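Structural description and commentary
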Amino acid sequence: MTASESPSDGNGFGDSGTSRSLPFDTSVAHQARVYDYVLGGKDNYAADRAATEAWLKIDPGMAFSARANRAFLGRAVRYLAAEAGIRQFLDIGTGIPTAGNTHQVAQAIAPETRVVYVDYDPVVLAHARALLDSHEAGATEYIDADLRDTGTILDQAARLLDFSRPVAVTMLAILHAIPDSDDPHAIVAKLMAAVPAGSHLAVSHVGAELLDRDKQDGVRGVADRMVQQTPTYRSREQIARFFEGADLVEPGIVRVEEWRPAPGTDSTATSSMWCALGRKRTA
Ligand SMILES: C[S@@+](CC[C@H](N)C(=O)[O-])C[C@H]1O[C@@H](n2cnc3c(N)ncnc32)[C@H](O)[C@@H]1O
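Here the structure is a predicted model, which is why all the values come from computation and not from measurement.

Close contacts around the ligand come from 23 residues, with Tyr-35, Asn-69, Gly-93, Asp-119 and Leu-147 the closest. In this structure, Tyr-35 approaches the ligand through a side-chain N or O atom, which is 2.7 Å from an oxygen atom. Between Leu-147 and the ligand, the recorded distance is 2.8 Å, taken from a backbone N or O atom to a nitrogen atom. Coverage of the ligand by the protein amounts to 99% of the 600 Å² it exposes when considered alone. Those elements giving two or more residues to the shell around the ligand turn out to be helix 1 (31-38) and helix 3 (62-83). Grouping the constituent residues of the shell around the ligand by class yields 12 nonpolar, 6 polar and 5 charged.

Turning our eyes to something else, we now look at the environment of Pro-166. Along the polypeptide, Pro-166 turns up in the loop between helix 6 (150-157) and strand 4 (168-172). Along the sequence, Pro-166 and Ile-86 sit 80 residues apart, while their C-alpha atoms lie 6.7 Å from each other. Leaving out residues up to four positions away in the same chain, Pro-166 has contacts with Ile-86, Gln-88, Pro-196, Ala-197, Gly-198 and Ser-199.

Topologically, Thr-102 is positioned in helix 4 (residues 102-109). The class of Thr-102 is buried, set by a relative accessible area of 1%. Apart from the residues lying within four places of it in its own chain, the contact partners of Thr-102 are Leu-73, Val-77, Phe-89, Asp-91, Val-115 and Tyr-117.

What follows deals with the confidence of the model for the protein chain. In this model, the protein chain carries a mean pLDDT of 90, and residues with pLDDT of at least 70 account for 92%. Scored below 50 in pLDDT, residues 1-19 shows 54 contacts in the model against residues more than four places distant or in partner chains.

Turning to unusual backbone geometry, a few remarks are in order. Cis geometry is adopted by the peptide bond preceding Pro-251, which originates at Glu-250 and carries an omega value of 10 degrees. Look at Asp-183: it is not a glycine, yet its phi comes out positive at around 50 degrees. With respect to the secondary-structure elements, Asp-183 resides in the loop between strand 4 and helix 7 (184-193). Judged by its relative accessible area of 39%, Asp-183 is partly exposed. One non-glycine residue, Arg-260, adopts positive backbone phi at about 45 degrees. When you line up the elements, Arg-260 lands in the loop between strand 7 (254-255) and strand 8 (273-280).

Here we take up the packing of helix 1 against helix 3. One way to put it is that helix 1 packs onto helix 3 with a least axis distance of 9 Å and a crossing angle of 95 degrees. By the angle between their directions, the pair helix 1 and helix 3 is classed as roughly perpendicular. The segment helix 1 lies against helix 3, with Val-34, Tyr-35 and Val-38 engaging Met-62, Ala-63, Ala-66, Asn-69 and Arg-70. The residue makeup of the contact of helix 1 with helix 3, split by class, is 6 nonpolar, 1 polar and 1 charged.

With that out of the way, let us pick up helix 7. By the burial criterion, the buried members of helix 7 are Pro-184, His-185, Ile-187, Val-188, Leu-191 and Met-192. Down the axis of helix 7, the buried set is contained in an arc of 160 degrees. They therefore lie on one face.

Moving on, we get to the pattern of salt bridges. Proximity of charged atoms lets side chains of opposite charge pair with each other. With the rule as written, the count across this model stands at 9 salt bridges. Residue Asp-146 pairs with Arg-148 through a salt bridge whose shortest N-O separation is 2.9 Å. Accessibility expressed as a relative area gives 1% for Asp-146, which makes it buried. Judged by relative accessible area, which is 5%, Arg-148 ranks as buried. Residues Asp-182 and Arg-148 are paired through a salt bridge, measuring 2.6 Å at the closest nitrogen-oxygen approach. With a gap of 34 residues between them, Asp-182 in the loop between strand 4 and helix 7 and Arg-148 in the loop between strand 3 (139-144) and helix 6 connect regions that are remote in the sequence. For the pair shown, Asp-182 and Arg-148 are each scored as buried.

Cut-off values and rules
Residues numbered from 1 in each chain as written. Predicted model: local features only at pLDDT ≥ 70, side-chain atom pairs only at ≥ 80, totals over all residues. Heavy atoms only, no water. Near = heavy atom within 4 Å. Polar contact = N/O pair within 3.5 Å; in protein donor to acceptor, adjacent residues only side chain to side chain. Areas by Shrake-Rupley, 256 points an atom, 1.4 Å probe, with all protein chains shown as cover. Helix = DSSP H or I, 4+ residues; strand = E, 2+ residues; numbered from the N terminus. Nonpolar A, V, L, I, M, F, W, Y, C, P; charged D, E, K, R; others polar. Contact = heavy atoms within 4.5 Å. Buried < 20%, exposed > 50% of the residue type's maximum accessible area, 1.4 Å probe, protein only. pLDDT = per-residue confidence, 0-100. Axes fitted to C-alpha atoms, helices over the stretch in contact; angles between N-to-C directions. Parallel < 35°, antiparallel > 145°, perpendicular 65-115°, else oblique. Arc of directions from axis to C-beta. Salt bridge = Lys/Arg side-chain N within 4 Å of Asp/Glu carboxyl O.

Here is the structure:
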């Protein structure tokens, strides 16, 4: 499959009307490249590294949170493919490709799995080739779009995914980049309304109760220097509202490292990220 050549164009923008593709600008830090740097990647620039170092001075636990979040992605996708029988994924907020991308994890279990990736960062788009290296029994696609542009995402994803069959919508470490003014709960509701009962939602998100207020304020100060991506820390109750109409998969809403940890995992460190998986109920 080829990467989508058409950037977000406003067609079907969410009700917020504020979505846009990010400019390619190496002079300001981007969430995707900060995350890449923390995970030990090479696709980042001086501004990203400076923002990360400033962030780590305020919140040294951020490095553990990022690694624990990425490990959660692997366990969640494995659960969805192996235990929930999911064969279609819509992975929004993909990030710069690294080890254990969604299609690699899922296709190792079910090679016929289809995965549509969505991100709005030009650096992720530039690396999309790695995401399109699908097992020949399955397929992958990349859409260059803003999460708030739900109309474009659903229209383009329907080229590869069959929306009459269950889909796992994964939004890991992205929803906190959507401010309350853009109503992230309405965005998630629109996406989940497009998929049938038996579909799943996976979310990870920085937790309001998991990092003290002073550190949250300090992180926001650093992130204000990043492009349009100041994190909004949300409470457990606000995370639960993303799952309206779904039954939470055990163990419910927990820190990312607590979600079905692999046996023998060191559990002394704690992250500042909530996560959960839910299965859409029959109406
Ligand atoms: C921290 S990375 C997470 C990557 C991956 N989901 C994971 O959990 O390992 C967040 C990604 O979300 C993307 N992102 C943030 N806001 C977005 C938006 N409004 N629309 C599309 N992508 C967005 C960023 O560009 C970045 O690549």
